[in-house]
Amino acid sequence: MSKSLLIIGLVWPEPTSSAAGWRMLQIIDLFLHNGYAITFASAASKSEHSFPLNSKGIIEKEILLNDSSFDEYIKELNPDLVLFDRFMVEEQFSWRVAQSCPNAIRILDTEDLHFVRNARQEAYKKGLAKHEIIFNNDLAKRELASIYRSDLSLIISEYEMKLLDEQFRIDPKILEYLPFQVTKRNKPTPAYSERKNFMFIGNFLHEPNWKTVQVLKELWPQVRKRLPQAEIHIYGAYPSEKVFQLHNAQQGFIIKGRAENAIETMEHYRVLLAPIPFGAGQKGKFIDALFAGTPSVTTEVGAEGMMNNIQWPGFIAGNNEELITQAILFHEDKKQWKIAREKSDEALKSLFDENWGTDLIDKIKSIQTDLQHHRSMNIVGEILWTNQFLATKYMSQWIEAKNKKAHT
């Protein structure tokens, strides 16, 4: 029996630009491996860095926002599954899917919980302590509504699973924990003597990465004072002019821009220095660091949800002084550096799961056996699908009508 999946992407996947890009390819490969024919659709424009999905036998489709042409398209496609790439896409398209293909299972890939990241960002701006962060904000209501409307939502970190369970009481039957897929390292990594300097990497369209670079700029003089010859190299896709303005060769603060291969780039450095002040989900840079055998020094937020209680291959700092001291230690102390690299090896082995994704496929099969029962058990979702709660549907229809009127 043929199986079909439609993925509606917020953007076209760019695995060399962000962790979100290569996570999407991991999900795609999982469904391909399980015999699904896949179509990837997006209303976004492609870039030169967009992955050629047709090389994997995937059909690519450009679609329009707020346009009923999508209704006819999906009715003809009639997929078994539809996966929404982030809650904003679910808001735009789920009602159209439900209307045209009511028997298609609707899956939300949250990427990370945006409302958690947003709440932490606001708390950081206001100088609030961790216990003062309030997660139940307006963005939370939108994202949680998206989770409830979906038949299943993919959650990337154990912290977020726990938050949804304990604070928001989301039924685990509509959640599926799916972290980054970690494979085995296929080659040895460069030795301590073959490396030098510090580095950071992160897509600059992602606000936590930009803020981290600003923090690094503030902290770097203290590192440089103790290590006058040291440099820190900053990598990341889509650097703007404000990023390049931070470049200062005399201070050893070097903006490098895009890295075509993050792991190979990281192998040249002794330390990944990542004082991440806010964020959510898992961070791909730390998975890359494991493969590169590069010790990382970060914050509690940076490390959250990454290693599942495995000893961190580097250091999790509680304050800036610890961050600086430990970063210098791993850069200068060969013995401590080698211990951290060995922890990277242990972490890779521990995180490797040859059955990654099988629970998701099994859960989908289970839902398919009685989709109506599965939906009936999600009473909040049922309520949200009644007319009085479909504001996004009516807003979209209003925009479409307005656009048509403007062209007549």
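Above this text sits the structure in question.
No experiment lies behind these values; they were computed from the predicted model shown.

Undergrad: I'd like to hear about helix α3 (residues 87-100), residue by residue, with values.
TA: The periodicity of an α-helix, 3.6 residues per turn, causes residues three or four places apart in sequence to face the same way. Between its terminal C-alpha atoms α3 stretches 19 Å, which fits the 20 Å expected from 14 residues at 1.5 Å a residue. At F93, α3 shows its largest kink, close to 45 degrees. Taken together, the buried positions of α3 are F87, V89, E90, E91, F93, S94, W95, R96, V97, A98 and S100.

Undergrad: Lay out the nonpolar core in plain terms, naming residues and giving numbers.
TA: Judged by nonpolar contacts, the single largest core of 56 residues is most densely connected at F198, I232, I234, F253, L273 and I287. Here the element with the most residues in this core is helix α7 (residues 207-226); it accounts for seven residues. Every residue in contact with F253, bar those within four places of it in the chain, is listed here: V213, L216, K217, W220, I232, I234, L246, H247 and N248. With 37 residues, the next largest nonpolar core counts L6, A41, V97 and I174 among its residues.

Undergrad: Describe the pairing of strand β4 (residues 81-85), and please don't skip the residues or the numbers.
TA: Counting buried positions over the five residues of β4 gives five, a clear majority of the element. Along β4, one buried face is formed by L81, L83 and D85 and the opposite face, lined by V82 and F84, is buried too. Relative to β4, strand β1 (residues 3-9) runs parallel, the two sharing four bridges. Along β4, the bridge assignment pairs L6 with V82. Across five bridges, β4 lies against strand β5 (residues 105-109) in parallel orientation. The residue bridging D85 from the neighbouring strand is D109, located in β5. Between β4 and its parallel partner β5, the chain crosses via α3, and the hand of that crossover is right-handed.

Undergrad: If you had to explain the side chain of T298 to someone new, which residues and values would you point to?
TA: Tracing the backbone shows T298 in strand β12 (residues 296-299). Residue T298 is classed as buried on the basis of its relative accessible area of 0%. In this structure the side chain of T298 is engaged in a polar contact, spanning 2.7 Å, whose partner is the backbone oxygen of A274. Apart from residues no more than four positions distant in its own chain, T298 is found in contact with A274, I276, F286, A303, W312, F315, I316, A317 and L323.

Undergrad: Describe the environment of P52, listing the residues and the values that go with them.
TA: Among the secondary structure elements, P52 is positioned in the loop between β2 (36-42) and β3 (59-62). C-alpha separation for the pair P52 and D71, spaced 19 residues apart in sequence, amounts to 26 Å.

Undergrad: Go over the sheet that holds strand β7 (residues 175-177), please, and point to the residues and values.
TA: Taken together, the seven strands give an open sheet; going across it, the order is β3-β2-β1-β4-β5-β6-β7, and neighbouring strands pair in parallel fashion. Edge positions in the sheet fall to β3 and β7, since each has one partner strand and no second. On average, each strand axis in the sheet is inclined to that of its neighbour by 25 degrees, with strand direction left out of account. With respect to the sheet, helix α1 (residues 19-33) is in contact with β1, β2, β4, β5 and β6 (152-155), its orientation differing from that of β2 by roughly 150 degrees. Most of the contacts of helix α2 (residues 69-77) go to β1, to which it runs at about 155 degrees, and overall it touches β1, β2, β3 and β4.

Undergrad: Any details on the packing of aromatic side chains? Residues and values, ideally.
TA: Here the structure, examined in full by the defined rule, presents 11 aromatic pairs. Between F115 and F168 the ring centres are 5.5 Å apart and the planes differ by 85 degrees, which places this aromatic pair in the edge-to-face class. Here the residue F115 occupies a position in helix α4 (residues 114-126), and F168 occupies one in the loop between α6 (158-166) and β7, the gap between them amounting to 53 residues. On the basis of relative accessibility, which here comes to 16%, the residue F168 falls in the buried class. Ring geometry for F198 and W220: centres 5.7 Å apart, planes at 75 degrees, overall edge-to-face. Of the two residues, F198 sits in strand β8 (residues 198-201) while W220 sits in helix α7, which places them 22 residues apart along the sequence. Each member of the pair F198 and W220 is classed as buried. An aromatic cluster is defined as three or more aromatic residues linked by ring pairs; in this entry it consists of F70, Y73 and F93. The ring of W12 is capped by K46, whose NZ or CZ atom sits 4.7 Å from the centre of that ring. Above the ring of Y238, the side-chain terminus of R258 is found at 5.3 Å from the ring centroid.

Each value, and the rule that gives it
- Residues numbered from 1 in each chain as written.
- Predicted model: local features only at pLDDT ≥ 70, side-chain atom pairs only at ≥ 80, totals over all residues.
- Heavy atoms only, no water.
- Helix = DSSP H or I, 4+ residues; strand = E, 2+ residues; numbered from the N terminus.
- Expected span 1.5 Å × (residues − 1).
- Bend = angle between axes of the 7 residues up to and from the residue.
- Buried < 20%, exposed > 50% of the residue type's maximum accessible area, 1.4 Å probe, protein only.
- Core = buried A, V, L, I, M, F, W, Y, C linked by side-chain atoms within 4.5 Å.
- Contact = heavy atoms within 4.5 Å.
- Pairing = 2+ DSSP bridges.
- Right-handed = clockwise from strand over helix to strand, strands pointing away.
- Polar contact = N/O pair within 3.5 Å; in protein donor to acceptor, adjacent residues only side chain to side chain.
- Axes fitted to C-alpha atoms, helices over the stretch in contact; angles between N-to-C directions.
- Phe/Tyr/Trp six-rings, centres within 6.5 Å; stacked < 30°, edge-to-face > 60°.
- Lys NZ or Arg CZ within 6 Å of the ring centre and 35° of its normal.

Function cannot be inferred from these measures alone, as they are strictly geometric.
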